[in-house]
Amino acid sequence: MKNIVEFFSVSKTYVLNHWFSMRKIAALKDFSLKLEKGEIVGLLGLNGAGKTTIMKILCGLLFPSSGNVEIMGKSPLFAEAKRDIGYLPEFPYFHPNITAPQTLNYYLKLSGRLVDNWQVDKILEKVGLLQHRTKKVSEYSKGMKQRLGLAQALIHQPEILILDEPVSGLDPLAIHEIRNLILSINKEGKTIFLSSHSISELEKICDRVVILSLGRIIEVIQKKQWEHNPKGLERIFIEALKNENQKKS
Amino acid sequence: MKIKKSLDVIVAIFTRSLFEYCSRKLFAILILITVFLIYFSLLVGIMAVDYEKRVLMDLGLGFIELMSFAYLVYISATSISEEIQSKTIYLVFSRPVARLEYLLAKFLSLFALAAVIVFYSGVFHLLLLHLRGFLCPAEYFVALAMIWCKLSIISAITLFFSLLSTSPLTPIIASLIIWMGGHMTPEIKFLIEKAEGFSAFVLNLSRYVLPNFQLYNLRDTLQMPPHDYSLYYMLSWILAMFALSGFVFRKKEF
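Residues numbered from 1 in each chain as written. Chains lettered and ligands numbered in written order. Predicted model: local features only at pLDDT ≥ 70, side-chain atom pairs only at ≥ 80, totals over all residues. Heavy atoms only, no water.

(A) Highlighting the sheet that holds strand β7 (residues 191–196) of chain A. All names here are of chain A. If you trace the 6 strands from one edge of the open sheet to the other, you get β5-β6-β7-β3-β8-β9, paired in mixed fashion. This sheet does not close on itself; its edge strands, each paired only once, are β5 (85–88) and β9 (216–222). Neighbour-to-neighbour, the strand axes of this sheet turn through a mean angle of 15°, independent of strand direction. Across 5 bridges, strand β3 (residues 40–45) lies against β7 in parallel orientation. Looking at β7, one finds that L43 is bridged to S195. Contacting β3, β6 (160–164) and β7, helix α6 (residues 172–187) crosses the sheet at an angle of about 155° to β7. Packing against the sheet, helix α9 (residues 232–248) makes contact with β3, β8 (208–213) and β9, and its axis sits at approximately 30° to β8. (Pairing = 2+ DSSP bridges. Helix = DSSP H or I, 4+ residues; strand = E, 2+ residues; numbered from the N terminus. Axes fitted to C-alpha atoms, helices over the stretch in contact; angles between N-to-C directions. Contact = heavy atoms within 4.5 Å.)

In structure tokens:
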């Protein structure tokens, strides 16, 4: 299989300046990972494990302190690489006074494409918002906003989807819908890289799960491993964290 | 082709930003207050008897400048920081958008916002002058253009300061100081002649660091033609602020 994303020993240290003092926080340490085309890879970890940092580095929003990242052989800091990614941050915000098609056309233009109402309607239908196309975003529920978030990530037909906590704060029905949507997007051959706190969600959709602790990969689990474990991914995750803590102590 | 794509991106961000600034409730409130203040100047004008036209013009232009300044400084200070807080900026920079394209669109949208506010308030002011039976001199329009120049400079400065700070309060305070200092250029020149030592050095420095807003104060002397060089002066300030902002913004992480 062809590698579509590659992290080579990436580290990220945040420098916090406060008046005359300076503090360094290592958010990511020596992170190496390869994503193959068409797979769904999940990032699992506690708060502060480095999940969002990884996603932001991949989108070119943060710069690695050391190491490098390649998206189809190109640095994410270049426009050519960014054309191939679609990003959904946690709790995306959209201008409340405009409609979903206006929002999507705006992001289409930012992606270097022309306004395409046919493409916009196609994506809105895919995410189940076509019947709400005339409503303003302010009238949308949280689940609808999340679907609009997915639509903006898909509008320019990227190869890779980067989803940061895509089901965070949603009700069970919305979670079910988003999950099905992610699976249907993956069936079209798109590579999906997502992070979540929800072990059961990752268990249901991922081909591979990367367990992170304090910015380090502690284990990479294949689907068959949690399928063969009677207590599933949750057990593997907790044991991996316990082992890591024991190693440190 | 690359330039065309770049222009499309700049136009998209520019129109979206301008729409956002003008669709805020605060914008409607600002326009209403400006209209009210201009209307209030009618009362003062009537009391001035023989100088009614002059008072109406001066007060009206003064209110237009003051209210536009307040809104523009607030918008310039919060424009980018609000996008960072709401994570909207993530959706912009995860796409093939160059940071300079984004900054340029933001600068242009602020100048356009200044033009929109000055235009709306100016139309109302002119209407009021017309209703009172006063003909408007050509210099009036030059005075409005000069207000726009000043507002463009201060919004560029505020936007630059907003990139250096995480709180919008700092750029607002800095802009307020610069705005006041920039209107005191003649006083500063006078004090330089009198001062010695360190205070002379500080005053001299402030003369070069602060923009000279008095260049654009046509309101005080409506008969005076505008300086040819005031346009170049404005452009230099804006270009300098854009270059500095670009330097700061190029390595900014979100």
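(B) Seen up close, the packing of aromatic side chains. Residues and elements named next belong to chain B. What the rule picks out here adds up to 21 aromatic pairs over all chains. With 6.4 Å between their ring centres and 40° between their planes, Y216 and Y233 make a pair best called tilted. Highlighted residues: Y216 in the loop between α9 (197–209) and α10 (229–249) and Y233 in helix α10, separated in sequence by 17 residues. Here Y216 and Y233 have matching classes, each one buried. Through a chain of ring-to-ring contacts, the aromatic side chains of F93, Y102, F249 and F254 assemble into a single cluster. Between the NZ or CZ atom of R99 and the centre of the ring of F93, over which it lies, the distance is 5.2 Å. (Phe/Tyr/Trp six-rings, centres within 6.5 Å; stacked < 30°, edge-to-face > 60°. Buried < 20%, exposed > 50% of the residue type's maximum accessible area, 1.4 Å probe, protein only. Lys NZ or Arg CZ within 6 Å of the ring centre and 35° of its normal.)

(C) Structural detail: the pairing of β8 of chain A. Residue and element names in this part refer to chain A. In terms of burial, β8 is largely enclosed, as 6 of its 6 residues are buried. Of the two faces of β8, the one carrying R208, V210 and L212 and the one carrying V209, I211 and S213 are both buried. Sheet topology note: the β3/β8 ladder contains 5 bridges and is parallel. From the neighbouring strand, V41 faces β8, where its bridge partner is R208. In this sheet, β9 lies alongside β8 in antiparallel orientation, the contact comprising 6 bridges. By the bridge assignment for β9, V210 is matched with V220. Taken together, β8 and the strand that follows it, β9, pair antiparallel across an intervening segment of 2 residues, in which L214 is found at a positive phi of about 45°.

(D) Structural context of the sheet that holds strand β4 (residues 66–71) of chain A. All names here are of chain A. Read from one edge of the open sheet, 3 strands run β2-β1-β4, paired in antiparallel fashion. Each of the sheet's edge strands pairs with one partner strand only, and the pair in question is β2 (21–36) and β4. In this sheet, neighbouring strand axes are inclined to one another by 25° on average, regardless of whether the strands run parallel or antiparallel. Pairing geometry for strand β1 (residues 3–18) and β4, over 5 bridges, is antiparallel. The residue bridging F7 from the neighbouring strand is V69, located in β4. Packed onto the sheet, helix α1 (residues 51–59) meets β1, β2 and β4 and runs at close to 110° relative to β1.

(E) Structural view of unusual backbone geometry. All names here are of chain A. Phi at M72 takes a positive value of approximately 50°, unusual for a residue other than glycine. Within the element layout of this structure, M72 appears in the loop between β4 and α2 (79–82). Take M72: its relative accessible area is 28%, and that puts it in the partly exposed class. Within the chain, E165 stands out as a residue other than glycine whose phi angle is a positive 45°. On the secondary structure map, E165 appears in the loop between β6 and α6. Residue E165 is classed as buried on the basis of its relative accessible area, which comes to 6%.

(F) Fine view of the nonpolar core. Judged by nonpolar contacts, the single largest core of 153 residues is most densely connected at F7 and F193 of chain A. Ranked by residue count, the leading element in this core is helix α6 (residues 138–164) of chain B, at 14 residues. When residues no more than four places from it in sequence are discounted, the contact partners of F193 of chain A are F7, L33, L35, V41, L43, I54, M55, L58, L161, I162 and L163 of chain A. (Core = buried A, V, L, I, M, F, W, Y, C linked by side-chain atoms within 4.5 Å.)

(G) Representation of the interface of chain B and chain A. Across the contact, 25 residues belong to chain B and 32 residues belong to chain A. Interface of chain B and chain A: buried area, both sides summed, is about 2700 Å²; carbon and sulfur atoms make up 60% of it. Viewed at the interface, chain A and chain B are joined by 1 salt bridge. The partner of K12 of chain A in a salt bridge is E253 of chain B, with the nearest N and O atoms 2.6 Å apart. Contributing elements (two or more residues each) for the side of chain B that touches chain A: α1 (2–22) and α4 (88–93) of chain B. Element by element, the count of residues in the side of chain B that touches chain A is highest for α1 of chain B, at 7 residues. Classifying every residue of the side of chain B that touches chain A by side-chain character gives 11 nonpolar, 4 polar and 10 charged. (Buried area = accessible area lost by both parts, 1.4 Å probe. Salt bridge = Lys/Arg side-chain N within 4 Å of Asp/Glu carboxyl O. Nonpolar A, V, L, I, M, F, W, Y, C, P; charged D, E, K, R; others polar.)

(H) Inspection of helix α4 (residues 117–126) of chain A at higher detail. All names here are of chain A. Here α4 has its buried residues at Q119, V120, I123 and L124. On an axial view of α4, the arc spanned by its buried residues comes to 135°, and they lie on one face. The exposed set on the far side of α4, more than 90 degrees from its buried face, consists of W118 and E125. In this fold, the buried residues of α4 make contact with α3 (100–110) and α5 (142–154). (Arc of directions from axis to C-beta.)

(I) Region of the structure containing empty space enclosed by the protein. Residues and elements named next belong to chain B. Overall, the coordinates contain 1 cavity of 30 Å³ or more when judged by the stated rule. Every residue along the wall of the largest cavity is listed here: G181, G182, M184, T185, I188, S206, R207, L210, P211 and N212. Those elements that provide at least two residues to the lining of the largest cavity are α7 (169–182), α8 (185–194) and α9. Partitioning the lining of the largest cavity into residue classes produces 4 nonpolar, 5 polar and 1 charged. (1 Å grid on protein atoms, 1.4 Å probe; cavity = no way out; pocket = protein on both sides within 12 Å on 5 of 7 lines; lining within 4 Å. Points joined across faces, edges and corners; volume = space filled by probe spheres on them.)

(J) Just the pattern of salt bridges, in detail. All names here are of chain A. Overall, the coordinates contain 16 salt bridges over all chains when judged by the stated rule. Two residues, E239 and R235, come together in a salt bridge whose shortest N-O distance is 3.2 Å. With E239 and R235 both in helix α9 and 4 residues apart, the pair spans about one turn of that helix. Exposure remark for E239: the relative accessible area of 39% places this residue in the partly exposed category.

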